[in-house]
Amino acid sequence: MNKEAQQQSFSDSLHQLEQKFSDGGQPGESDAQIAEELVHLILERERLRRGVNEGTPERAAVDAETLTRMAKWDSDNPALLPTEKALRRFATGRGADGVALLKRAITDPKQAASDEARRRALMPRKSKTSSQLNKLIDDIVATCPTISVYELLRRLRKQIGHGVIQAINDTEITFEDEESMPVKRSALKDRLSRAKKKNRKAR
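Residues numbered from 1 in each chain as written. Predicted model: local features only at pLDDT ≥ 70, side-chain atom pairs only at ≥ 80, totals over all residues. Heavy atoms only, no water.

Asker: Before we go on, may I ask you to explain the side chain of Glu-46 in this structure?
Answerer: Considering the arrangement of structural elements, one finds Glu-46 in helix α2 (residues 31–50). Residues in contact with Glu-46, not counting those within four places in the same chain, are Val-62, Thr-66 and Arg-69. (Helix = DSSP H or I, 4+ residues; strand = E, 2+ residues; numbered from the N terminus. Contact = heavy atoms within 4.5 Å.)

So, in C-alpha cells, the structure goes:
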C-alpha cells in the first residue's frame, strides 16, 4: 500500500471511529460516562494513527504516552485553555470534572477562558522548580565554564528522576513537581548564558 492509500485508509478509519462516537450517545448519560467515551475516543485515535495492535506492549506504551501528553499539554492560546484543563482532568482520573468544564465553556466560552487566564495570571511567575533548574545549571557551569548547550542537555538528562527533572523530550523539560510548568528546551540557551555570566562575576 502506497503512502496515499495509507493516508486514505487512515482517514476512512478515523471517520468511522468519530461517527461511531457521535452515534453512540445516549439520553441521560452522566458526565463520567461521557468522559469515559471521550478518553476512549482519544486513545483509539492515537492507536490508529500510530498503527499499534490490541494487546501488544506497543499499544500499552502508546496509551501511556498519550495520557502523559494530555496531562502535560500547555497551550499559549487562551481559547484553548478550557480544553487544555479538561484534557488534564481526563488524564488524571477526573473525567466528570473535565466534561463539566467543557459544558461550561460551551455555554459561556468567554467567561471560561477569562477565568482560567486570570487564574494563571495570579500564579507566581518564577516557580520553585524553575529556580532548582537554574541551580543545576549554575552547578554544572561552575565545574565546566565553557560548556555548550548540547553538553548541558546531556548532563541534565542524567538528573532525570533525581528530585527535580521528570523528563526531557524534543521540545520541553518537565518536572517532578506537578504544579510546575514545563520549560521549553529552547530556553536553555538563555539560561546557560546567564549562568556563565554569573559564574564569571563570581570569580
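Asker: Explanation requested: the packing of α2 against helix α3 (residues 57–72) in the structure shown.
Answerer: To characterise two packed helices, one gives the angle between the axes of the helices and the distance between these axes. At a closest axis distance of 10 Å, the pairing of α2 and α3 adopts a crossing angle of 125°. When the interaxial angle is binned, α2 and α3 end up oblique. Crossing hand, α2 versus α3: right-handed. Of α3, the residues touching α2 (which contributes Ile-42, Leu-43, Glu-44, Glu-46, Arg-47, Arg-49 and Arg-50) are Arg-59, Val-62, Asp-63, Glu-65, Thr-66, Leu-67, Arg-69 and Met-70. Its residues assigned to classes, the contact of α2 with α3 shows five nonpolar, one polar and nine charged. (Axes fitted to C-alpha atoms, helices over the stretch in contact; angles between N-to-C directions. Parallel < 35°, antiparallel > 145°, perpendicular 65-115°, else oblique. Left-handed = near helix turned anticlockwise from the far one by under 90°. Nonpolar A, V, L, I, M, F, W, Y, C, P; charged D, E, K, R; others polar.)

Asker: Can you help me understand the sheet that holds strand β1 (residues 165–168) in this one?
Answerer: Strand pairing within a sheet occurs via backbone hydrogen bonds; the two strands may be parallel or antiparallel. Reading across the sheet, the three strands line up as β1-β2-β3 and stay open at both edges, with antiparallel pairing between neighbours. A strand with exactly one partner marks an edge of an open sheet, and here the two such strands are β1 and β3 (183–184). Pairing of strand β2 (residues 172–175) with β3, which is carried by two bridges, proceeds in the antiparallel orientation. Its bridge partner lying in β3, Ile-173 is registered against Val-183. (Pairing = 2+ DSSP bridges.)

Asker: Explain the packing of α2 against helix α5 (residues 95–107) here, please?
Answerer: Contact geometry for α2 and α5: axes closest at 7 Å, N-to-C directions at 95°. Here α2 lies roughly perpendicular to α5, going by the angle between them. Between α2 and α5, the residues in contact are Asp-31, Ala-32, Ile-34, Ala-35 and Leu-38 and Gly-95, Ala-96, Val-99, Ala-100 and Lys-103, respectively. For the contact of α2 with α5, the per-class residue count stands at seven nonpolar, one polar and two charged.

Asker: Where do I start with the pairing of β2 in this structure?
Answerer: Residues of β2 alternate between two faces, with Glu-172 and Thr-174 on one and Ile-173 and Phe-175 on the opposite face, all of them buried. Between β1 and β2, which pair antiparallel one after the other, the connecting turn spans three residues. (Buried < 20%, exposed > 50% of the residue type's maximum accessible area, 1.4 Å probe, protein only.)

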